[in-house]
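As a plain string of letters, each chain reads:
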Amino acid sequence: MIVTVTPNPSLDRTVQVDRLVAGAVHRTLRTRLDPGGKGVNVARALAAAEVPTLAVLPSGGAAGARLAELLAPEAVPVVEVPVQAPTRSNIAVVEADGTTSKFNEPGPELTPAEVAALERAAAEQAGRADWLVTCGSLPAGCPDDLHARIVAAARRAGARVAVDTSGRPLELACQAAPDLVKPNLVELAELTGGPLRDLGDVLAVAHRLRAGGVATVLVSLGQLGAVLVAETGTWHATSSATEVRSTVGAGDAMLAGFLRAGGIGPAALRTAVAYGTAAVGLAGSRMPGPDDIHPLRVRMDAVDKTVSLSGVAA
Ligand SMILES: Nc1ncnc2c1ncn2[C@@H]1O[C@H](COP(=O)(O)OP(=O)(O)OP(=O)(O)O)[C@@H](O)[C@H]1O
Ligand SMILES: O=P(O)(O)OC[C@@]1(O)O[C@H](CO)[C@@H](O)[C@@H]1O
């Protein structure tokens with residue numbers, strides 16, 4: 001069973017326009033509504049592959065109820081922690097060439113009792129989990145070390161733990177020695193305080209994280225695929241997308257693919273990148289299912305430290 005925790009879930013509205021022009025009125029071509037939040041997306045992709053999963057999340061107001069309604073047909077079991085303030089709504093604007101602009105609300109402010117209830121729910125569910133995945137931004141009211149505390153609780157319960165978040169919460173979660181972290185380039189660069197110029201810089205930061213106690217580092221690199229840095233070695237996987245329809249949730253699909261394939265080693269990296277590639281070809285934050293992925297089209301290489309990151313959209 002893979003349990004996901006999403007302290008700040010969302011209703012994700014995706015709006016398709018021909019081209020986004022600041023200050024202009026846009027006539028939208030299509031819109032769609034998906035259940036959202038990083039852990040929610042990981043659970044959606046796992047459920048689509050019939051991997052036992054469960055999503056823990058705070059739920060507030062009509063938006064929270066709608067989120068649960070949207071998850072039901074995707075067969076994602078949910079543990080809802082009731083909160084007073086409404087669950088947020090995020091917007092993605094996707095242009096004809098696939099360029100995606102994201103507008104994320106801060107989310108509801110949680111009371112100390114609600115944060116404690118969320119943490120308790122995560123710890124309880126960790127007892128049933130092979131993996132616990134704790135993801136995304138923290139809404140106001142949550143301490144910066146919430147993901148770190150969830151990592152510690154899950155490890156005490158005997159689960160392996162993966163983290164996908166950013167900024168200070170990521171830094172603190174890394175100090176709690178999770179089994180896996182999945183930063184993108186921006187998140188990895190934030191940890192260093194400086195820019196990452198090439199894959200050599202990516203490897204250097206990943207090795208530093210491993211020296212600090214993180215067992216495995218899976219770095220998503222947008223169109224450059226992903227790099228895996230683990231005890232047993234380093235690998236770079238790439239696969240070109242035939243069409244980029246929306247990059248929202250590609251990182252979450254990628255993490256789900258990695259875990260679905262065992263959460264360790266180059267074979268899991270291959271599946272992960274197959275999931276990421278499939279996700280960008282799907283509208284909105286639709287998650288790929290097993291029929292959408294093509295692991296044999298993924299190219300596996302040694303990491304070439306000289307590969308430049310300039311112009312890579314993370
Ligand atoms: N333009 C692209 N072309 C091909 N594959 C892509 C592209 N963008 C993303 N991917 C695939 O999706 C994976 C995740 O992408 P990315 O690094 O953008 O994740 P992310 O920033 O964590 O995404 P999100 O936060 O929206 O889930 C990549 O490792 C890659 O496999
Ligand atoms: O604001 P956060 O928590 O960092 O990210 C939230 C979010 O952008 O992440 C998912 C894509 O990864 C979306 O479903 C959701 O809207």
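Predicted model, so just to flag it, every value in this text is computed and none were measured.

1. Notes on the environment of Gly289
For Gly289, the position within the fold is in the loop between helix H9 (265-280) and strand E14 (299-301). Residue Gly289 is classed as buried on the basis of its relative accessible area, which comes to 10%. Expressed as a C-alpha distance, the spacing of Gly289 and Gly257, which sit 32 residues apart in the sequence, is 9.8 Å.

2. Section: the site of ligand 2
Residues in contact with ligand 2 amount to 14 residues; listed here are only the nearest, Asp12, Lys38, Lys102, Ser137 and Asp252. The side chain of Ser137 places a nitrogen or oxygen atom 2.8 Å from an oxygen atom of ligand 2. Alone, ligand 2 offers 400 Å² of accessible surface; in the complex the protein occludes 88% of this. Going through the elements one at a time, strand E2 (10-16), helix H1 (38-48) and strand E6 (88-94) are the ones with two or more residues in the shell around ligand 2. Its residues assigned to classes, the shell around ligand 2 shows no nonpolar, nine polar and five charged.

3. Considerations on the sheet that holds strand E7 (residues 100-103)
Read across the sheet, four strands follow the order E3-E2-E6-E7 without closing on themselves; strand pairing throughout is mixed. Each edge of the sheet is formed by a strand with only one pairing partner; in this case those strands are strand E3 (30-36) and E7. With strand direction ignored, the average angle separating the axes of adjacent strands in the sheet is 20°. Across seven bridges, E2 lies against E3 in antiparallel orientation. The residue bridging Gln16 from the neighbouring strand is Arg30, located in E3.

4. Remarks on the packing of helix H3 (residues 112-126) against helix H4 (residues 146-156)
Relative to each other, H3 and H4 sit at 30°, their axes nearing to 9 Å. One finds that H3 runs roughly parallel with respect to H4. Judged by the twist between their axes, the crossing of H3 over H4 is right-handed. Across the interface between the two elements, Val115, Leu118, Glu119, Ala122, Ala123 and Ala126 of H3 pack against Leu146, Arg149, Ile150, Ala153 and Ala154 of H4. Classifying every residue of the contact of H3 with H4 gives nine nonpolar, no polar and two charged.

5. Remarks on the site of ligand 1
Neighbouring ligand 1 are 23 residues, the closest being Lys182, Asn184, Ser220, Gly225 and Gly251. Within the contact set of ligand 1, an oxygen atom lies 3.4 Å away from a backbone nitrogen or oxygen of Asp252. Secondary-structure elements contributing two or more residues to the shell around ligand 1 are helix H8 (250-260) and H9. Class assignment for the residues of the shell around ligand 1 results in nine nonpolar, eleven polar and three charged.

6. Here's the deal with H8
For an α-helix, the turn length of 3.6 residues means that residues three or four places apart are oriented alike. For H8, a buried count of nine out of eleven residues is recorded, marking the element as mostly surrounded by other parts of the structure. All of the buried residues in H8 are Ala250, Asp252, Ala253, Met254, Leu255, Ala256, Gly257, Phe258 and Leu259. Looking one or two residues past H8, Gly262 carries a phi angle of roughly 110°, positive in sign.

7. Focus on the nonpolar core
Ranked by internal contacts, the top residues of the largest apolar core, which has 48 residues, are Leu132, Val181, Leu185, Leu196, Val202, Leu209 and Val217. For this core, the leading source of residues is helix H7 (residues 199-211), giving six residues. What Leu196 contacts, discounting residues up to four positions off in sequence, is Leu185, Leu188, Ala189, Asp201, Val202, Val205 and Leu309. The next biggest cluster of nonpolar side chains, apart from the first, holds 36 residues, and it includes Ala49, Val280, Ile293 and Val298.

8. A closer look at empty space enclosed by the protein
For the structure shown, the criterion picks out one cavity of 30 Å³ or more. Size it by volume and the largest cavity reaches roughly 40 Å³. Looking at the largest cavity, the residues that line it are Pro7, Asn8, Pro9, Pro58, Val83, Thr87, Pro108, Leu110 and Pro139. Taken together, the residues of the lining of the largest cavity break down into seven nonpolar, two polar and no charged.

9. Structural notes on the sheet that holds strand E11 (residues 216-220)
Strand order across the open sheet formed by ten strands is E5-E4-E1-E8-E9-E10-E11-E12-E13-E14, with mixed pairing between neighbours. Looking at strand neighbours, the two that pair on one side only are strand E5 (78-82) and E14, the edges of this open sheet. As defined by bridge partners, strand E12 (residues 226-230) adjoins strand E13 (residues 233-238) across five bridges and the pair is classed as antiparallel. Among the inter-strand pairings, Ala230 is bridged to a residue of E13, identified as Gly233.

Calculation rules
Residues numbered from 1 in each chain as written. Chains lettered and ligands numbered in written order. Predicted model: local features only at pLDDT ≥ 70, side-chain atom pairs only at ≥ 80, totals over all residues. Heavy atoms only, no water. Helix = DSSP H or I, 4+ residues; strand = E, 2+ residues; numbered from the N terminus. Buried < 20%, exposed > 50% of the residue type's maximum accessible area, 1.4 Å probe, protein only. Near = heavy atom within 4 Å. Polar contact = N/O pair within 3.5 Å; in protein donor to acceptor, adjacent residues only side chain to side chain. Areas by Shrake-Rupley, 256 points an atom, 1.4 Å probe, with all protein chains shown as cover. Nonpolar A, V, L, I, M, F, W, Y, C, P; charged D, E, K, R; others polar. Pairing = 2+ DSSP bridges. Axes fitted to C-alpha atoms, helices over the stretch in contact; angles between N-to-C directions. Parallel < 35°, antiparallel > 145°, perpendicular 65-115°, else oblique. Left-handed = near helix turned anticlockwise from the far one by under 90°. Contact = heavy atoms within 4.5 Å. Core = buried A, V, L, I, M, F, W, Y, C linked by side-chain atoms within 4.5 Å. 1 Å grid on protein atoms, 1.4 Å probe; cavity = no way out; pocket = protein on both sides within 12 Å on 5 of 7 lines; lining within 4 Å. Points joined across faces, edges and corners; volume = space filled by probe spheres on them.

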